Amino acid sequence: MASVTNFIRNTPPAWLRDYFTKTGIVLPTPVDWDASEPEVVKPLLQAVDEMDDEARGRIINDGERVSAMADDAGQTALYSVIDDREVLDELENGHARSLWLFLHDRDRFRHAEEVRFTDERRRGRSWDGFICDANLNVCRDAHALDAFKAALRKRFASKNVHVDIFERIRPTFDGDDCELVQITVYREGLPDDHFAFDDDGELVRQPYRPVFEAAMTYEPATGVIEVVASDRESRSEMAQFLARDLLGVEFRDEKVPMRHYDLVVLLAPHSFPTDVEDGIERVEIRQLRLMPIDAVGERVTLECLSKADRNIWTMAEARLGPGNPLTGGWVATQAKLAIKFHRKPGARRGRTLPLTITMPHGCNLKDQTEEEQVIGEKYLRRWGILVDDPVVVED
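Not measured: the values here are computed from a predicted model.

Moving on: the overall build of the protein chain. Regarding its fold elements, the protein chain presents twelve helices and 15 strands. Reported as C-alpha extents along the three principal axes, the dimensions of the protein chain are approximately 75 × 60 × 50 Å. Excluding contacts between residues fewer than 6 apart, the proportion of contacts in the protein chain whose partners are at least 24 apart in sequence is 64%. Here the protein chain carries 52 positive and 73 negative side-chain charges, and the mean point of each set is 4 Å from the other.

Laid out in structure tokens, this is it:
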């Protein structure tokens, strides 16, 4: 019941009333929706607890989906698929915005879930980017879609394939919205079975076919195709099907260059300039891992925690002397930074964005929220740490 409790405690009562009205779920005991919020929550939780398994299970599933889209990453996904953002702006909190879209446009809510699935895996191990022609239209007529689905069914030996195609946006580090077309693919996997209880309460093995999700985006302004799929070998083929069947062009199988990180600027004192409007209080280097140029099997790690009364450069000089690894002969292979934000009104403390950067292509930025990714990418580029690799690097 934890998911139901989270859903009910964080959603304004007026929207909870709309939820039960629109879904037709009957409460076993009446709830005074005009009462104060605490006086609504307790009897409502009790009413849900008294429901039959089917009704309670539906609320649990709906509540989990709504609550999952109420955090920062979920809200970014919701805003990326809706046309009139002011509708969401006027609502009380993330749960209200998430539930509003869930109740009023179930397809777009699913699209927002697909956006989150895609962007959370972007530039991770399940991601590849490919260069294609710019300014193309994604064809959606029956003939093109049939050809695209047929290629997917043949490639994955899947009897059933479902495809969602929709417009969306993605925030960028320079503050503009990048317009994309997303193509989400659901395909049926090979037969499997699992344990379940039958109608008589007996434990049996029941057959089922799992459903796998993959996603692609096409950016008309640049021609970049991005693919998120767990099967590494299939990502290039899926991009090929998209280019051939929906974009109508020949696929070149040319990968987007991987991001390249250069930590040389951190070997000397750095001021980390920021913009006032981003609310950043300070930037700290918490840790630097260094490797001697003439001995690749050795490492030295310098660490300076937030409570220290000096930074990592003055610490290295004070503890290791003028010939410390930061003065020459060593290469920085990993750095841990902390971007500290000013405390917002009502908050106990300012939040911290921790970044771990590993030479030459590793960074945990992809694991952060969409807002944090935008901020992180903006400043890593400004500080000379994130640069575009001119060479396409194969995994």
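Here the narrative resumes.
On to the environment of I60. By the element assignment, I60 lies in helix α4 (residues 53-68). Note on I60: relative accessible area 23%, which makes it partly exposed. Distance from I60 to V163, taken between C-alpha atoms, is 27 Å for residues 103 residues apart in sequence. With residues near it in sequence (within four places) discarded, I60 still touches S3 and V4.

The final tally for this structure, using the stated rule, is 35 salt bridges. Note that R351 and E371 form a salt bridge whose closest N and O atoms lie 3.4 Å from each other. On the criterion of sequence distance, the pair formed by R351 in the loop between β12 (330-341) and β13 (352-358) and E371 in helix α12 (residues 370-382) is long-range, its members being 20 residues apart. With relative accessibility at 38%, the residue E371 sits in the partly exposed group. The network of salt bridges with shared partners includes D119, R122, R168, R170 and E226.

Here the focus is the nonpolar core. By size, the foremost hydrophobic cluster in this structure holds 39 residues, and its most contacted members are I8, Y19 and F20. Among the elements of the structure, α1 (2-10), α2 (13-23), α3 (37-49), α4, α5 (72-81), α7 (94-104) and α8 (106-120) are those that each provide at least two residues to this core. Grouped together as the second largest cluster of nonpolar side chains are 33 residues, L302, I312, W313 and F341 included.

Now for a nonpolar patch on the surface. A grouping of F195, F197 and L203 is seen on the molecular surface, where their side chains present a nonpolar patch of about 380 Å² in accessible area. Structurally, F195 is set in strand β4 (residues 192-197). For F195, a relative accessible area of 56% translates into the label exposed.

Right, let's talk about the packing of aromatic side chains for a bit. In the structure shown here, the tally under the stated rule is seven aromatic pairs. Ring plane angle 75° and centroid distance 5.1 Å describe the contact between Y19 and F20, whose orientation is recorded as edge-to-face. Residues Y19 and F20 agree in their burial class; the two are buried. Connected via pairs of aromatic rings, a cluster forms that spans F7, Y19, F20 and W33. The ring of F102 carries the charged tip of R106 above its face, separated from the ring centre by 3.7 Å.

Our focus in this paragraph is the sheet that holds β12. With respect to topology, five strands assemble into an open sheet ordered β11-β10-β12-β13-β14, the strand pairing being antiparallel. Unpaired on one side and paired on the other, β11 (300-303) and β14 (362-363) mark the two borders of the sheet. One ladder, built from two bridges, connects β13 with β14; its direction is antiparallel. By the bridge assignment for β14, T358 is matched with G362. Contacts from helix α11 (residues 312-320) reach β10 (280-292) and β11 within the one sheet, and its direction differs from that of β11 by about 120°. Those strands touched by α12 are β10, β12, β13 and β14, and its axis lies near 55° from that of β13.

The sheet built from six strands is open, its strands ordered β2-β3-β6-β7-β1-β8 with antiparallel pairing. Two strands in the sheet have a free side with no partner beyond their single neighbour: β2 (161-171) and β8 (254-255). Pairing geometry for strand β1 (residues 127-131) and strand β7 (residues 224-228), over five bridges, is antiparallel. Looking across to β7, one finds that W127 is bridged to V228. Contacting β2, β3 (177-188), β6 (211-219) and β7, α8 crosses the sheet at an angle of about 75° to β2.

Parameters and conventions
Numbering of residues starts from 1 in every chain and runs along the sequence as written. Residue-level local features of this predicted model are given only where pLDDT is at least 70; pairs of side-chain atoms are given and counted only at 80 or more, and the full residue set underlies all totals for whole chains, interfaces and linings. Computation of side-chain values covers all heavy atoms of the structure but excludes hydrogens and water. By definition, any uninterrupted DSSP run of H or I lasting at least four residues is a helix, any uninterrupted run of E lasting at least two residues is a strand, and each is numbered from the N terminus. For this analysis, residues touch if any pair of their heavy atoms sits within 4.5 Å. Charge counting follows a simple rule: Lys and Arg are positive, Asp and Glu are negative, and His as well as the terminal groups are ignored. A single reference atom marks each charge: NZ on Lys, CZ on Arg, CG on Asp, CD on Glu. Only protein chains enter the calculation, and the probe is 1.4 Å; a residue is then buried if its accessible area is under 20% of its type maximum, exposed if over 50%, and partly exposed in between. Salt bridges, as used here, are contacts in which a Lys or Arg side-chain nitrogen is within 4 Å of a carboxyl oxygen on Asp or Glu. The definition of a nonpolar core used throughout is a set of buried Ala, Val, Leu, Ile, Met, Phe, Trp, Tyr and Cys residues joined through side-chain atoms within 4.5 Å. To count toward a patch, a residue needs a relative accessible area above 30% and no salt bridge. Like charges then connect within 9 Å, nonpolar side chains (Val, Leu, Ile, Met, Phe, Trp, Tyr) within 5 Å. To be clear on the numbers: accessible area is Shrake-Rupley with a 1.4 Å probe, and residue cover counts the displayed protein chains and nothing else. Any two of the Phe, Tyr and Trp rings considered here, Trp counted by its six-membered ring, make a pair once their centres fall within 6.5 Å; the pair's planes then place it as stacked at under 30 degrees, edge-to-face at over 60, or tilted in between. By definition, being over a ring means that NZ of Lys or CZ of Arg is both within 6 Å of the ring centre and within 35 degrees of the ring normal. Paired strands are those between which DSSP finds at least two bridges. Axis lines are fitted through C-alpha atoms, for helices just across the contact stretch, and the angle between N-to-C directions can take any value from 0 to 180 degrees.

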